[in-house]
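Given next are the chains, with one letter for each unit.
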Amino acid sequence: MEETRRVGVAVDFSDSSRNALRWAVDNVVRKGDYLILVTVLGRAFYEGGEMQLWEATGSPLIPLTDFSNPNIMKKYGVKPDPETLDIVNTAAAQKEIVVVFKIYWGDAREKLCEAIDNIPLSCIFIGNRGLGKLQRVIMGSVSNHVVNNGSCPVTVVKS
């Protein structure tokens, strides 16, 4: 019997992350999989209270019903866009998959690599902003860091 796959998608609600999500849903996710949307918020979004408990490990896994509720997501400081919600709601219904959301706080490069090991993920998909070589050197590339340091297969979906 085949083990359940945990397919991760790095999501920041940009066009490139929606493209990665769409690509993963259309080409990789299959019935019975867990689709885990991983987002990383910078310290600017960090507030006290419950989030202090999750600083090291990230939030608990948030089910799709809660992820779709703006009041609950406001508590986490996340505002999912309608297009992303439409993609995951449709995928959950049509492909019979379980969709959950996980939030980390800190540096996206490091936290995505931590998510791979801690969840653990079978594979992860990341959108590419299309930075040139010089911009990647100056600003750093999240996708490049995860490709080189992640412990599972990483697919970078170009815009």
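Residues numbered from 1 in each chain as written. Predicted model: local features only at pLDDT ≥ 70, side-chain atom pairs only at ≥ 80, totals over all residues. Heavy atoms only, no water.

Student: Account for the packing of helix α6 (residues 108–118) against helix α8 (residues 142–149), with residues named and values stated.
Tutor: Closest axis-to-axis distance for the α6/α8 pair is 9 Å, and the angle between their directions is 35°. With respect to the hand of their crossing, α6 and α8 are arranged in right-handed fashion. Two secondary-structure elements touch here, α6 through A108, R109, E110, L112, C113 and I116 and α8 through V142, H145, V146 and N149. Split by residue class, the contact of α6 with α8 holds six nonpolar, two polar and two charged. (Axes fitted to C-alpha atoms, helices over the stretch in contact; angles between N-to-C directions. Helix = DSSP H or I, 4+ residues; strand = E, 2+ residues; numbered from the N terminus. Left-handed = near helix turned anticlockwise from the far one by under 90°. Contact = heavy atoms within 4.5 Å. Nonpolar A, V, L, I, M, F, W, Y, C, P; charged D, E, K, R; others polar.)

Student: I'd like a rundown of unusual backbone geometry, residues and numbers included.
Tutor: Of note, the amide linkage connecting I119 to P120 takes the cis form, showing an omega dihedral of -20°. Looking at where P120 falls in the secondary structure, it is placed in the loop between α6 and β5 (123–128). Even without glycine at this site, F13 takes up a positive phi of about 65°. Secondary-structure assignment places F13 in the loop between β1 (6–10) and α1 (15–27). One non-glycine residue, E96, lies in positive phi territory at about 55°. Following the sequence through the fold, E96 ends up in the loop between α5 (82–95) and β4 (98–105).

Student: Outline the packing of aromatic side chains, supporting the account with residue identities and numerical values.
Tutor: Each pair of aromatic rings is reported with the distance of its centres and the angle of its planes. Counted by the stated rule, this structure contains three aromatic pairs. When the ring of W23 is compared with that of F125, the centres are 5.8 Å apart and the planes differ by 45°; the resulting orientation is tilted. Of this pair, W23 sits in helix α1 while F125 sits in strand β5, and the two are 102 residues apart along the sequence. Under the relative-accessibility criterion, W23 is labelled partly exposed at 38%. For F125, a relative accessible area of 2% translates into the label buried. Pairing F67 with F101 gives two aromatic rings, centres 4.3 Å apart and planes at 25°, and the pair type is stacked. Taken as a pair, F67 in helix α3 (residues 64–67) and F101 in strand β4 lie far apart in primary sequence, 34 residues in all. Classification of F67 as buried rests on a relative accessible area of 1%. Put simply, the rings of F13, F67 and F101 touch in pairs and so form one group of aromatic residues. (Phe/Tyr/Trp six-rings, centres within 6.5 Å; stacked < 30°, edge-to-face > 60°. Buried < 20%, exposed > 50% of the residue type's maximum accessible area, 1.4 Å probe, protein only.)

These results come straight from atomic positions and should not be treated as a statement about function.
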